[in-house]
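Overview (structure and organization)
Each chain, letter by letter, is given below.
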Amino acid sequence: MQWPLIEDEDRKAVLDALDGARLVSDTDGVNPVSDLEHEWARRFGFAQCVAVSNGTAALSLALSALGVGPGDEVIVPALSFIATGLAPVHQMAVPVFADIDPVTFNIDPDDIERRITPRTRAIIPVHLHGAPADMDRIMAIARKHDLVVVEDAAQAPGATHRGRPVGGIGDAGSFSLQVSKNIPTCGEGGLLVTGSGELAEAMRRGRQFGEVIEAGRDRDYVSYGLGWNHKMNALQAAFTSAQLARFDGYEERRQRNVTDFLARLAELPGLRVPTALPDTTHVWHILRFRFDPVAFGLDGVGPQALRSALRRLLRAEGVPMSQYQLMPLPDQKVFVDRLGFGSGHPWAVTGAPGTVRGEDYPVTREVIADSLTLQKRHLNPGAGELLSLYADAFEKVWANRDMVATLAKAAS
C-alpha cells in the first residue's frame, strides 16, 4: 500500500508552483507557502499558522519564541521521536524526561508534576501515534506552575481532545509534514500554530534570520533578533495543500478501515490494541500493539520473548510488524553522554546531572519490551482489504499458539 498517494492534482500543484514567480516564503504577496498557512489554519481552526522547513525546526522555533533558553528545563516524554528531546537542547535548555501512560503512550501528568523544579520553564506533550495527550490535566499543571506548553503534534493532524484540535490547546503547537505523515509533503516540512499574533510574528522572525518580512515593505536585511533559515519552499507547500484538500475523504475511510481492523484483533487473548479514549479523536498514525504472556497463556515467558516469536510469525504471514523506538529517549547516547554544545552544555549551565542509563521510566520500558507497531500501510485510504488480510494472519497465528509457545520458550 503506497503512501503517500500521489495524484494528478499533486503533480499539477507542484508544476504550477514551479511555473510561478514565488518559490520562497519571503516574497511579497500571496504565494504557495502563505496559501498553505491560511488553509491549514482554516481547516483545523487555528488562529495563526507559520510554515517552516521541518517538524524539528518547528519545535525549536516555538521554544525560542516563548523565551525558553539557557538555564531552563523542559519536561518531555520518555517515549517519543528523538526530535522531541533535542529541541530543548537546541535552545541550550535541559530536557527532563517523564514516564508515559500505559494506554495512550503519552506523557503521564502525574510524573510531570514529580519532575518540576524551580528551573522548569516548559512542557512538551507529544500526541504520540495520533492519540491526544491528556491536555486538560497538562494545561492545569502548566497554569499552576506558570509553565509554557508546546504541543508536539507531528503525528496527529486532525486529532481532537474534547472537541479541540491538538496543537491549538497549548501556547503553541508543531506539526510535521515529513513524507510518512498523515498529511505529507514531498519530502520534509513543518508547521507552527498558535492563538497569539505576537507569538506568530516572533516565529516568523525566527524562521528567517530574525528579519521582519511584511507585505508591501521592502526587505531591509536587518536581524532584529536571533534567527535561523527555517523557511519552507513553494513546492513543498503546494504539494501539502493538494494533500490537505483530500484529507477529509482520506481520514473518513482510514477511520473506518482501522477501527474495523482493531475490532477483530481486540478479540484475541493476550493482545492489547490501541484505543481512542472518550472525548478524543485518534488519527492512527502508528498502530502499537502490546502483548501479555500470561493472558496469552504463557506463564514464565518474558514479554520480549513473546514479542520476538510473534514478530517472526506475523512477518512470515506477510504482516510487516516492527519495533518503533528501541530505547527510552533518556537512554539515547546524546543525553547519557551530554553530547550537546562545548563542554557538556546545556547541562553545565544548570549544574544538572545528565540522564542515567537505566533510570526509572518503568512504563516506558515495559511498553518498549512488550509491543510491536504497524506503520504506513494502513494510511492508504484503500487499505481496508489489506487490513482484513492482516487480521486473518493474526487470527491464524493465534490459532497456532503451540508454535508461538515453542518459539517464545526458545527465545527465553
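An account of the accompanying structure is given in this report. (Residues numbered from 1 in each chain as written. Predicted model: local features only at pLDDT ≥ 70, side-chain atom pairs only at ≥ 80, totals over all residues. Heavy atoms only, no water.)

1. A look at the packing of aromatic side chains
In plain terms, the rule: Two rings belonging to Phe, Tyr or Trp (six-membered ring only in the last case) form a pair when the distance between their centres is within 6.5 Å. Interplanar angles under 30 degrees mark stacking, angles over 60 mark edge-to-face geometry, and anything in between is tilted. Going along the chain from the N terminus, every DSSP run of H or I of four or more residues is numbered as a helix, and every run of E of two or more is numbered as a strand. Relative accessibility under 20% of the residue-type maximum defines a buried residue, over 50% an exposed one, and the middle range a partly exposed one, all with a 1.4 Å probe and only protein chains included.
Scanning all chains against the criterion turns up twelve aromatic pairs. Ring geometry for tryptophan 40 against phenylalanine 175: centres 5.4 Å apart, planes inclined by 65°, an arrangement best described as edge-to-face. Taken together, the residues span a long stretch of sequence, with tryptophan 40 in helix H2 (residues 32-44) and phenylalanine 175 in strand E8 (residues 172-176) at a distance of 135 residues. No difference in accessibility class separates tryptophan 40 from phenylalanine 175, as the two residues are buried. Both rings, one in phenylalanine 44 and one in phenylalanine 46, keep their centres 6.2 Å apart while their planes meet at 40°; by these two values the pair is tilted.

2. Examining the nonpolar core
Definition in use: Here, the term nonpolar core denotes a set of buried Ala, Val, Leu, Ile, Met, Phe, Trp, Tyr and Cys residues that are joined through side-chain atoms within 4.5 Å. Contact between two residues is taken to exist if any of their heavy atoms lie within 4.5 Å; hydrogens are not considered.
Counting 47 residues, the largest nonpolar core has Ile112, Ile138 and Leu192 as the members making the most contacts within it. Apart from the residues within four sequence positions on either side, isoleucine 112 is in contact with Ile75, Ala98, Ile107, Ile123, Ile138 and Ile141. Core analysis: the next-biggest nonpolar cluster, separate from the first, contains 36 residues, Leu271, Val301, Leu306 and Leu313 among them.

3. Overview of unusual backbone geometry
Here tryptophan 3 and proline 4 are connected by a cis peptide whose omega angle stands at 0°. With respect to the secondary-structure elements, proline 4 resides in the segment before helix H1 (8-19). Proline 346 follows histidine 345 through a cis peptide bond whose omega is 10°. With respect to the helices, strands and loops of the structure, proline 346 is situated in the loop between helix H12 (333-336) and helix H13 (347-350). Not every positive phi belongs to a glycine, and methionine 92 is a case in point at roughly 60°. Inspection of the secondary structure puts methionine 92 in the loop between helix H4 (82-90) and strand E3 (94-98). Even without being a glycine, histidine 129 presents a positive backbone phi close to 65°.

4. Quick word on the packing of helix H11 (residues 303-316) against helix H14 (residues 362-370)
Inclusion rule: For every element, the axis is a line fit to its C-alpha atoms; helices are fit only across the contacting stretch, and the angle between N-to-C directions ranges from 0 to 180 degrees.
Look at H11 against H14: their axes get within 7 Å of each other, and the N-to-C directions meet at 35°. Contact residues: H11 offers Pro303, Gln304 and Arg307, while H14 offers Ile368, Ala369 and Asp370.

5. Quick word on the side chain of asparagine 380
Its place among the elements puts asparagine 380 in the loop between strand E13 (371-375) and helix H15 (384-399). The buried category is assigned to asparagine 380, whose relative accessible area is 8%. Once residues within four sequence positions are removed from consideration, asparagine 380 is found in contact with Met1, Gln2, Trp3, Leu5 and Asn257.

6. Some words on the pairing of strand E1 (residues 48-52)
Heads up, the condition is: Only strands joined by at least two bridges in the DSSP assignment are considered to pair.
Among the five residues in E1, four count as buried, and that is most of the element. As defined by bridge partners, E1 adjoins strand E9 (residues 190-194) across five bridges and the pair is classed as antiparallel. Paired with cysteine 49 across the strands is valine 193, a residue of E9.

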